[in-house]
Amino acid sequence: MLRALAVDDERPSLEELLYLLHADPRVGSVEGAGDATGALRRITRALESGPDGPDAIDVVFLDIQMPGLDGLETARLLTGFAHPPLVVFVTAHEDFAVRAFDLKAVDYVLKPVRKERLAEAVRRVAELRGAAAAARVPAHEPDPGAAATRITVHEPDPDQLPVELGGVTRFVAVDDITHVEAQGDYARLHTDRGSHLVRIPLSTLEDRWRSRGFVRIHRRHLVALRHIGELRLGAGTVSVLVGDEELQVSRRHTRELRDLLMRRTAG
């Protein structure tokens, strides 16, 4: 069971976050702090207790914009510890996503917090904590008579893309990616199960995945044709429906997209 600390200077937001975390069966205990200073005092006590101690904290759900020490500065301080808790940012602002993932955040949840989106963040934390706990289990002594371990080096798999979550690398199947959103020199990969930020420009992914059915529909969006559910024509506007999300198509990309969709339908 996860031990969580939620940090937010706005009392209603903190109480809502505490309520949602308490309702998640994977969260065994959850505490709240109204500012970064109080949170750091609690985290310091947790670190002194050790990862399996009675005061341990597995994850901090951290607001970004707070008076005094903000969430990004707090997370930066935590990186100086040997075994800090995982960090999930919970904020009303999208602009800090790249900086947040540079600090090895596990996830970036936007306010108002949806129960399903928070559950996805908790799932990621639980997976990472489970892997960390397994790594702490002492291994058996090697058998001197056993054969040497064989190490096989594999070439990069074009069907998967490695993404980093809290220092752990996972692999996302390209076929599961519905669309990609540009965020500066980064790209956010969207799947039915969530999203992942990678340090790859959108233009690079466009070139790499053009033969796999991905098409540019906007300067900010790359979409997998197979995941387009609807093409919507409005008064001077064109958009596509990808899952539950409606994405705008720019004028310069409209004709190419319509041609590709018509060929796919004819095929």
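Residues numbered from 1 in each chain as written. Predicted model: local features only at pLDDT ≥ 70, side-chain atom pairs only at ≥ 80, totals over all residues. Heavy atoms only, no water.

Chemist: Which residues make up the sheet that holds strand β8 (residues 177-183), and what values do they have?
Modeler: Taken together, the 5 strands give an open sheet; going across it, the order is β10-β9-β8-β12-β11, and neighbouring strands pair in antiparallel fashion. Each edge of the open sheet is held by one strand with a lone partner, namely β10 (194-198) and β11 (214-218). If you compare each strand with its neighbour and ignore which way they point, the axes differ by 25 degrees on average. Bridge analysis of β8 against strand β9 (residues 186-191) gives 6 bridges, and the strand direction is antiparallel. Bridge pairing links Q183 to Y186 in β9. (Pairing = 2+ DSSP bridges. Helix = DSSP H or I, 4+ residues; strand = E, 2+ residues; numbered from the N terminus. Axes fitted to C-alpha atoms, helices over the stretch in contact; angles between N-to-C directions.)

Chemist: Hey, could you go over a negative patch on the surface for me, with residue numbers and the actual values?
Modeler: Among the surface-exposed residues, D176, D192, D244 and E245 lie close enough to one another that they form a single negatively charged patch. Counting through the fold element by element, D244 comes out in the loop between β14 (238-242) and β15 (245-249). For D244, a relative accessible area of 84% puts it in the exposed group. (Patch = residues over 30% accessible without salt bridge, like charges linked within 9 Å, V, L, I, M, F, W, Y side chains within 5 Å. Areas by Shrake-Rupley, 256 points an atom, 1.4 Å probe, with all protein chains shown as cover. Salt bridge = Lys/Arg side-chain N within 4 Å of Asp/Glu carboxyl O. Lys, Arg positive; Asp, Glu negative; His and termini not counted. Charge placed at Lys NZ, Arg CZ, Asp CG, Glu CD. Buried < 20%, exposed > 50% of the residue type's maximum accessible area, 1.4 Å probe, protein only.)

Chemist: Tell me about the side chain of S239, residues and numbers included.
Modeler: If you trace the backbone, S239 turns up in strand β14. Judged by relative accessible area, S239 falls into the buried class, the value being 4%. Among the polar contacts made by the side chain of S239, one reaches the side chain of E246 at a distance of 2.6 Å. Those residues in contact with S239 that sit more than four places away from it in its chain are E230, L231, R232, E246, L247, Q248 and V249. (Polar contact = N/O pair within 3.5 Å; in protein donor to acceptor, adjacent residues only side chain to side chain. Contact = heavy atoms within 4.5 Å.)

Chemist: An account of the nonpolar core is needed here, citing residue identities and associated values.
Modeler: Formed by 27 residues in total, the largest nonpolar core has its most connected members in L5, V7, V60, L62, L72, F89 and Y108. Apart from the residues within four sequence positions on either side, V60 is in contact with L5, V7, I43, P85, L86, V87 and V88. In terms of nonpolar packing, the next biggest core, distinct from the first, is built from 20 residues, L14, V59, L86 and V125 among them. (Core = buried A, V, L, I, M, F, W, Y, C linked by side-chain atoms within 4.5 Å.)

Chemist: Provide a residue-level description of the sheet that holds strand β4 (residues 86-91), including the pertinent values.
Modeler: Strand pairing in a sheet relies on backbone hydrogen bonds. The paired strands run either parallel or antiparallel. Judged by pairing direction, the sheet is parallel, and its 5 strands sit side by side in the order β2-β1-β3-β4-β5 without closing on themselves. Both edges of this open sheet fall to β2 (27-33) and β5 (107-110), since each of them pairs with a single strand only. Strand-to-strand twist across the sheet, computed as the mean angle between neighbouring axes with direction ignored, equals 20 degrees. In terms of strand pairing, strand β1 (residues 2-7) meets strand β3 (residues 59-62) through 4 bridges, oriented parallel. Bridge assignment links A4 to a residue of β3, and that residue is V59. Along the sheet, helix α3 (residues 71-78) makes contact with β3 and β4, crossing β4 at roughly 175 degrees.

Chemist: Break down the pairing of strand β12 (residues 221-224) for me, with residues and values.
Modeler: With burial as the criterion, each face of β12 is covered, one bearing H221 and V223 and the other bearing L222 and A224. Where β8 lies against β12, 3 bridges are found, and the strand directions are antiparallel. For E181, the partnering residue across the bridge sits in β12 and is H221. As paired elements, β11 and β12 share 4 bridges and run antiparallel to each other. Paired with R216 across the strands is L222, a residue of β12. Turn length for the β11-β12 hairpin, with the two strands adjacent in sequence and antiparallel, is 2 residues.

Chemist: Run through the side chain of S250, naming residues and quoting values.
Modeler: The topology assignment puts S250 in the loop between β15 and α7 (251-266). The exposure class assigned to S250 is buried, which follows from its relative accessible area of 18%. Not counting the four nearest positions on each side in its chain, S250 is found in contact with I217 and H218.

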